[in-house]
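# Breakdown of the fold
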Amino acid sequence: MTDLPLIPHWADGRPLDGSSSRRGDVTNPATGEVTAQVAFAGAEDAERVIGSARAAARGWAETSVSARTQVVFRFRELLNQRKEELAAIITREHGKVTADALGEVSRGQEVVEFACGIPHLLKGGYSENVSTGVDVHSKRQPMGVVGVISPFNFPAMVPMWFFPVAIATGNTVVLKPSEKDPSASLWMAELWREAGLPDGVFNVLQGDKEAVDALLDHPDVKAISFVGSTPIARYVYERGSGNGKRVQALGGAKNHMVVLPDADLDLAADQAVSAGFGSAGERCMAISVLVAVGPVGDELVAKVADRTRGLRTGDGTRGTDMGPLVTRAHRDKVASYVEEGETAGAKVVVDGREVQPDGAAEGFWLGPTLFDNVSPDMSIYREEIFGPVLNVVRVDSYDEAVRLVNANPYGNGVAVFTSSGGAARKFEVDVEVGMIGVNVPIPVPMAYYSFGGWKNSLFGDSHAHGTEGVHFFTRGKVVTSRWGDPAVKPTGGLELAFPQNK
Ligand code: NAD
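Residues numbered from 1 in each chain as written. Predicted model: local features only at pLDDT ≥ 70, side-chain atom pairs only at ≥ 80, totals over all residues. Heavy atoms only, no water.

The protein is annotated in an unreviewed UniProt entry as methylmalonate-semialdehyde dehydrogenase (CoA acylating) of uncultured Nocardioidaceae bacterium.

Two numbers describe how helix α2 (residues 65–94) lies on helix α6 (residues 183–195): the axes approach to 9 Å, and their chain directions differ by 160°. Here α2 is positioned roughly antiparallel relative to α6, judged by the angle of their axes. Considering how the two elements wind past one another, α2 and α6 form a crossing that is right-handed. Residues Val71, Val72, Arg74, Phe75, Leu78, Leu79, Arg82, Glu85, Leu86, Ile89 and Glu93 of α2 pack against Ser183, Ala184, Trp187, Met188, Leu191, Trp192, Glu194 and Ala195 of α6. Its residues assigned to classes, the contact of α2 with α6 comprises 13 nonpolar, 1 polar and 5 charged. (Axes fitted to C-alpha atoms, helices over the stretch in contact; angles between N-to-C directions. Helix = DSSP H or I, 4+ residues; strand = E, 2+ residues; numbered from the N terminus. Parallel < 35°, antiparallel > 145°, perpendicular 65-115°, else oblique. Left-handed = near helix turned anticlockwise from the far one by under 90°. Contact = heavy atoms within 4.5 Å. Nonpolar A, V, L, I, M, F, W, Y, C, P; charged D, E, K, R; others polar.)

Assigned domains within the protein: domain 1 (6–251 + 457–478) and domain 2 (255–438). Of note, the centres of domain 1 and domain 2, computed from C-alpha atoms alone, are 31 Å apart. Across the boundary between the two partners, domain 1 contributes 19 residues, which contact 24 residues of domain 2. In total, domain 1 and domain 2 occlude about 1800 Å² of area from one another, counting both sides; carbon and sulfur atoms represent 60% of this. Taken as a group, Ala30, Val97 and Ser457 account for 27% of the area that domain 1 buries against domain 2, more than any other trio of residues on that side. Linking domain 1 with domain 2 are 1 salt bridge, by the criterion used here. On the surface where domain 1 and domain 2 come into contact, there are 8 residue pairs in polar contact (both at pLDDT 80 or more). (Domains from an automatic or database assignment. Buried area = accessible area lost by both parts, 1.4 Å probe. Salt bridge = Lys/Arg side-chain N within 4 Å of Asp/Glu carboxyl O. Polar contact = N/O pair within 3.5 Å; in protein donor to acceptor, adjacent residues only side chain to side chain.)

Position of Val34 relative to the elements: it lies in strand β5 (residues 33–39). For Val34 and Pro441, which are 407 residues apart along the polypeptide, the C-alpha to C-alpha distance reads 35 Å. When neighbours within four sequence positions are excluded, Val34 is seen to be in contact with Leu4, Asp25, Val26 and Thr27.

As a matter of local geometry, the ligand sits amid 27 residues, with Lys176, Glu179, Ser229, Gly251 and Glu384 nearest to it. Take Gly228: an N or O atom from its main chain is 3.3 Å from an oxygen atom of the ligand. In the environment of the ligand, a nitrogen atom lies 2.7 Å from a nitrogen or oxygen atom belonging to the backbone of Gly251. In isolation the ligand offers 840 Å² of accessible surface; the protein chains occlude 89% of this area. Secondary structure elements with two or more residues in the shell around the ligand: α7 (209–217), β11 (221–227) and α8 (230–242). Considering only residue class, the shell around the ligand consists of 15 nonpolar, 8 polar and 4 charged. A domain-level breakdown of the shell around the ligand finds at least three residues from each of domain 1 (6–251 + 457–478) and domain 2 (255–438). (Near = heavy atom within 4 Å. Areas by Shrake-Rupley, 256 points an atom, 1.4 Å probe, with all protein chains shown as cover.)

Our next topic: a positive patch on the surface. On the surface, Lys139, Lys222, Arg475 and Lys477 cluster together to form a positively charged patch. One can find Lys222 in strand β11. When its relative accessible area of 35% is taken as the criterion, Lys222 is described as partly exposed. (Patch = residues over 30% accessible without salt bridge, like charges linked within 9 Å, V, L, I, M, F, W, Y side chains within 5 Å. Lys, Arg positive; Asp, Glu negative; His and termini not counted. Charge placed at Lys NZ, Arg CZ, Asp CG, Glu CD. Buried < 20%, exposed > 50% of the residue type's maximum accessible area, 1.4 Å probe, protein only.)

All told, the structure shown has 34 salt bridges when counted by the stated rule. Across the pair Glu104 and Lys96 runs a salt bridge whose closest N-O atoms are separated by 2.6 Å. Among the residues examined, Glu104 registers a relative accessible area of 2% and is labelled buried. For Lys96, a relative accessible area of 2% puts it in the buried group.

It is worth spelling out the sheet that holds strand β1 (residues 6–7) at this point. In space, the 3 strands of this open sheet follow the order β1-β5-β4, with mixed pairing throughout. Since the sheet does not close on itself, it has two edges, and those belong to β1 and β4 (23–28), each with one partner. For β4 and β5, the ladder comprises 6 bridges, and the chain directions are antiparallel. Paired with Asp25 across the bridge in β5 is Gln37. (Pairing = 2+ DSSP bridges.)

Right, let's talk about empty space enclosed by the protein for a bit. To find leftover empty space, one rolls a probe the size of a water molecule over the atoms. Enumeration over the complete set of coordinates arrives at 5 cavities of 30 Å³ or more. Of the pockets and cavities examined, the largest cavity occupies roughly 100 Å³. Taken together, 13 residues line the largest cavity, and the ones lying closest to its centre are Gly281, Ala286, Ser288, Glu384 and Phe386. Along the lines of polarity and charge, the residues of the lining of the largest cavity split into 6 nonpolar, 4 polar and 3 charged. Here the second largest cavity is characterised by a volume of approximately 70 Å³. In this structure, the second largest cavity is lined by Trp10, Gly13, Ala189, Trp192, Arg193, Leu197, Pro198, Asp199, Gly200, Val201 and Phe202. The element contributing the most residues to the lining of the second largest cavity is α6, with 3 residues. (1 Å grid on protein atoms, 1.4 Å probe; cavity = no way out; pocket = protein on both sides within 12 Å on 5 of 7 lines; lining within 4 Å. Points joined across faces, edges and corners; volume = space filled by probe spheres on them.)

Further remarks concern α7. Those residues of α7 not exposed but buried are Ala211, Val212, Asp213, Leu215 and Leu216. Taken together, the buried residues of α7 touch α1 (43–62), β8 (145–149), β9 (172–176), β11 and α8.

As structure tokens, this is what we get:
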């Protein structure tokens, strides 16, 4: 037993401690302190939480679309008023700096705002008289209970990529947050309650693999939205779809930023440093490879190095630029990549291991590291590091840059920096990547477009939010109907040939 607070599940509109005795530690990465324990669901807890979602499913699906939208709108209003509270929770458990945590909440809020327009997005089609006296209409209906499984790096935004759309379209949700920073999920659950969401429509199942497997195997869960690392995404996709569920599983990334010789190098250097080291590189859209094309290499590296040396690493509540890594184990793993890169012969231009953080000695600190002369066979290039490590790869031509990007097994985001519209347009066509930035390093689509990568960055065929999100959380029906005109005597008779339009 311990005196630490327990972070519970959430079912039937209230916290639920659950019956499993398994727990996980939750830490403050800026101090190294264990601040709470989170419940780890067992089979009984999963049954209870999924049961809460199942019990609410029919009533919510039958609630009018206007009434559903009004609840989503109230959630948006409350979130907007109180977003600082949520940002503080994110900083405390994830470590990202306050401004970045607020940015995360705002990007999630955009999806809530998008979901407020759901009546328009749920409109079906209607065709009159497709055959004499026969009309056709289409409609989309909710899936039922849906599971959302999210990663540690965006404890509020990633769940909000999915649940506003799922709820607005009439589904009930079980969110399985990351066990590393689970408190944001409960804060959002309380907010839904205040917004007037009926009990059981939004639920939280805390835990690890056991909780995930329960969602993947439970027959009442009809769809799964997963975000996390590629091996787990592939596993979730295969197990969930093998059980007959609809699954979208977003995986890891290795995002390149290609700098062409005609680029504005000051702009490129600013953006590379912001996108490489923001959130300590713990973003699936972080730039981790800077591809310097032709003669720009030396000047670009010098400008990036200057800016990197100026970054202040420290406690995210103190106005620093970059916070700690999420856990000590992750910090050590990222530091081991820095060692591997050095041993493999990459040039360490700025060494994050030498950081002097503005924060407690026990925090999970690693400063920004800049490598030059990285080659594609090195582990620091091949693997997703998910930390503050920016690799410069030098290539001779545009074609070589595109070949490098396309040979990479990931295809989440990519950016090109250039002053040529023609070059940018060609790049957009040539690269095999889902989200492309032109002089924009982190091209996260707005809520009304859809978010998702290609290749090993996404398993399944639907991206998150936007119209693809609406499609993912609904099933289509097409109704063909014949209603006789009461003034006209019906003509009947048998006809066994396949129905044709008349
Ligand atoms: P992770 O894969 O370790 O965990 C993601 C979720 O899966 C968590 O809820 C976790 O509890 C669960 N999980 C962990 N191990 C499991 C297992 N063996 N079986 C079943 N479930 C398991 O990822 P993370 O470390 O929390 O997040 C970072 C990763 O997420 C990075 O790879 C990053 O690129 C990726 N990510 C991708 C996107 C995207 O949009 N493509 C967005 C954010 C993060």
